[in-house]
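Observations on the three-dimensional arrangement
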Amino acid sequence: MTNTSALNPQSNPASESATGLKTNRASWTPASWTTKPIKQDAVYDDRKKVEKSLAKLQRLPPIVTPTEIANLKASLRDVALGKAFLLQGGDCAELFDYCNENAIESKIKLLLQMSLVLIWGANKPIVRIARMAGQYAKPRSSPMEIVNGKEIPSFRGDILNGFELDERALDPSRLVDAYYHSSSTLNYIRAAIGSGLADLHRPLDWGLGHVRDPELQEKYSKTVMSITDSLNFMKTVGADTASKALETVDIYTSHEGLLLEYEQSLTRLLKDPAPPGSYGINEQKSWYNTSAHFVWIGDRTRQIDGAHIEFFRGIENPIGVKIGPTTSSSDLLALLRTLNPSVEVGKITLITRYGASKVRKLLPEHIRTVEKSEYARSVVWQCDPMHGNTRSTSTGIKTRQFSDILSELQEVMAIHKEEGSYLGGVHLELTGDAVTECTGGSEGLCDDDLSLNYTSFCDPRLNEKQALELAFLIAGNLRDTTTKPTS
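**As for the confidence of the model for the chain**
In regions of low pLDDT, the predicted coordinates are not meant to be interpreted in detail. With 88% of its residues at a pLDDT of 70 or more, the chain shows a mean pLDDT of 90. Low pLDDT, under 50, characterises residues 1–21; the predicted model gives this stretch 44 contacts beyond four residues in sequence or across chains.

Written out as structure tokens, the structure is:
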């Protein structure tokens with residue numbers, strides 16, 4: 001691949017020492033990944049158009065700021081130390097068409113409602129990260145597929161190509177389109193929250209009519225009543241007016257850092273935020289990936305000697321790493337030592353995704369490997385119960401069974417308790433819409449129901465009722481764990 005950063009003045013190592021840049025990442029630049037082998041690369045027909053789009057991205061302002069990134073890192077440090085819980089969720093593959101008021105609000109409202117349930121269950125602050133405002137690229141098992149007997153490029157996310165058959169050629173202009181859709185989405189999230197979208201003085205829709213099991217509906221109703229009573233009590237004693245805590249929340253953005261040319265173009269050398277309570281000017285600088293607050297490395301691109309690990313090791317952002325059945329214990333430690341050599345608490349989130357049938361066999365060894373090393377109590381353990389539980393129906397429709405998702409989650413919770421480690425969060429593919437993509441749950445969706453409203457172009461997502469139900473079940477498990485008396 002051509003080193004496109006040769007024209008980028010930010011990549012000049014000579015300027016780093018002169019500006020107070022941190023020097024603990026020797027030989028790293030935003031472009032050093034181009035010297036490494038790469039997986040899931042994008043190969044365009046017209047390189048000049050790519051260069052034009054990348055040059056424009058380099059001139060555009062950051063989407064997120066170092067202060068916001070630092071605030072998230074502080075919150076994730078609390079998660080790693082067992083003082084908070086992480087909820088991360090959103091679309092499998094975000095589409096440019098999702099950049100509209102209703103789609104954005106429905107996902108934010110769902111995440112807020114789920115987080116309220118989890119606060120009740122965990123009795124801890126909830127850190128909220130949305131798979132939004134940038135989740136436009138998807139890894140694929142093959143760059144090509146056969147459609148109607150013809151080989152065409154696979155759909156790889158809106159940042160690269162379109163889903164329609166006549167839009168499958170990789171289009172460099174979509175790189176800039178992704179920036180503008182990300183910026184617009186985050187701008188509306190900020191505006192909506194600032195205008196009271198997250199204000200808990202407003203009534204919440206806790207509709208549970210879809211829950212068919214009377215015993216389950218009673219259990220959920222009691223939870224809702226407990227939450228409502230707590231909010232009413234705070235209003236009665238005036239605690240809600242003494243603080244802005246009930247009026248606004250922090251919601252951070254995230255995506256898989258798959259397309260490195262895009263990520264590099266938005267990686268900037270910026271001043272570190274001043275420490276809390278400090279009134280001086282901090283001249284220290286670091287490299288921040290300003291495309292999102294949190295970026296993660298996928299299961300297909302975490303090769304220790306590969307381009308993605310090389311890029312990620314140099315950025316200041318908190319980082320997620322997908323860990324699955326193909327991850328060896330030696331690779332796990334090598335990843336941590338490469339990405340976080342200073343053992344910064346909360347810097348790395350290990351996103352485990354095994355499948356309900358494999359988690360009991362694989363997770364304990366991974367936990368012991370980390371917790372018996374220098375990284376003990378320094379990582380965020382997060383469960384992704386979605387990706388290891390995908391199946392296809394007899395008619396070839398990709399789906400996930402709610403009971404499998406719940407089973408992996410429950411097994412992970414039990415294993416962490418047995419190992420003495422802390423499950424710090426969940427990572428879910430979900431939508432605020434009434435889609436029919438995952439089977440099961442209290443709605444009782446079956447394979448025949450999938451065609452009713454299956455709209456995902458990639459992986460199946462939990463709909464709003466399934467996602468909220470999962471939050472109730474997680475909260476119940478957390479509450480049982482935290483309130484059970486010790487013997």
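**So, the state of the cysteines**
A full pass over the atoms with the stated rule returns zero disulfides. Here C458 stays free of any disulfide, with the sulfur of C92 as its closest cysteine sulfur at 4.8 Å. Since its relative accessible area comes to 11%, C458 is described here as buried.

**As for the nonpolar core**
M114, V321, L350, L462 and L470 are the most contacted members of the largest nonpolar core, which totals 80 residues. Sorting elements by how many residues they give to this core places helix α4 (residues 101–122) first, with eleven residues. In this view, L462 contacts M386, F402, I405, E429, L430, T431, C438, A467 and L470; residues no more than four positions away in its chain are not counted. Among the nonpolar cores identified, the runner-up in size contains 25 residues, and I63, A133, L160 and L266 belong to it.

**Observations regarding the pairing of strand β3 (residues 144–147)**
Across four bridges, β3 lies against strand β4 (residues 150–153) in antiparallel orientation. Its bridge partner being in β4, E145 is matched across the sheet by I152.

**Re the pairing of strand β8 (residues 294–297)**
Burial along β8 is two-sided: the residues F294 and W296 and V295 and I297 are all buried. Bridging between β8 and strand β9 (residues 319–323) involves three bridges; their strand directions are parallel. Its bridge partner being in β9, W296 is matched across the sheet by G320.

**So, the packing of aromatic side chains**
Inspection of the entire model under this criterion finds eight aromatic pairs. Where F163 meets F457, the ring centres are 4.0 Å apart and the plane angle is 5°; that geometry is what we call stacked. Here F457 lies in the loop between β15 (438–439) and α13 (464–483) and F163 lies in the loop between β4 and α5 (173–194), a separation of 294 residues in the sequence. We classify F163 as partly exposed; its relative accessible area is 32%. A residue is classified by how much of its surface remains accessible, and F457, at 35% relative accessible area, is partly exposed. What links up through ring pairs into an aromatic cluster is the set W28, W287, F311 and F312.

**Quick notes on α5**
Taking 1.5 Å per residue, 22 residues should reach 32 Å; α5 reaches 32 Å between its end C-alpha atoms and fits that length. Of all the residues in α5, the buried ones are R174, L175, V176, A178, Y179, S182, T185, L186, I189, A192 and I193. Tucked into the core, α5 has its buried residues touching α2 (47–59), α4, β5 (251–256) and α8 (260–265).

Rules used throughout
- Just so you know, the residues in each chain are numbered from 1, in the order the chain's sequence is written.
- In keeping with the model being predicted, local features are shown solely for residues with a pLDDT of at least 70 and side-chain atom pairs are shown and tallied solely at 80 or more, while totals for entire chains, interfaces and linings include all residues.
- Side-chain measures here rest on the full set of heavy atoms in the structure, leaving out hydrogens and waters.
- Every residue gets a pLDDT, meaning the predictor's confidence in that residue, from 0 to 100.
- Should any heavy atoms of two residues lie within 4.5 Å, those residues are counted as being in contact.
- The disulfide criterion is simple: two cysteine sulfur atoms within 2.5 Å.
- Per-residue accessibility, obtained with a 1.4 Å probe over protein chains only, is compared with the maximum for each type, and a residue is labelled buried under 20%, exposed over 50%, and partly exposed between these values.
- Working definition of a nonpolar core: buried Ala, Val, Leu, Ile, Met, Phe, Trp, Tyr and Cys residues. They are joined through side-chain atoms within 4.5 Å.
- In DSSP terms, a helix is any run of H or I states spanning at least four residues, a strand is any run of E spanning at least two, and both are numbered starting from the N terminus.
- One bridge is not enough; two strands pair if DSSP finds at least two bridges between them.
- Note on aromatic contacts: the rings of Phe and Tyr and the six-membered ring of Trp form a pair at centre separations within 6.5 Å, being stacked when their planes are under 30 degrees apart, edge-to-face when over 60 apart, and tilted otherwise.
- One less than the number of residues in a helix, times 1.5 Å, gives the span that helix is expected to have.

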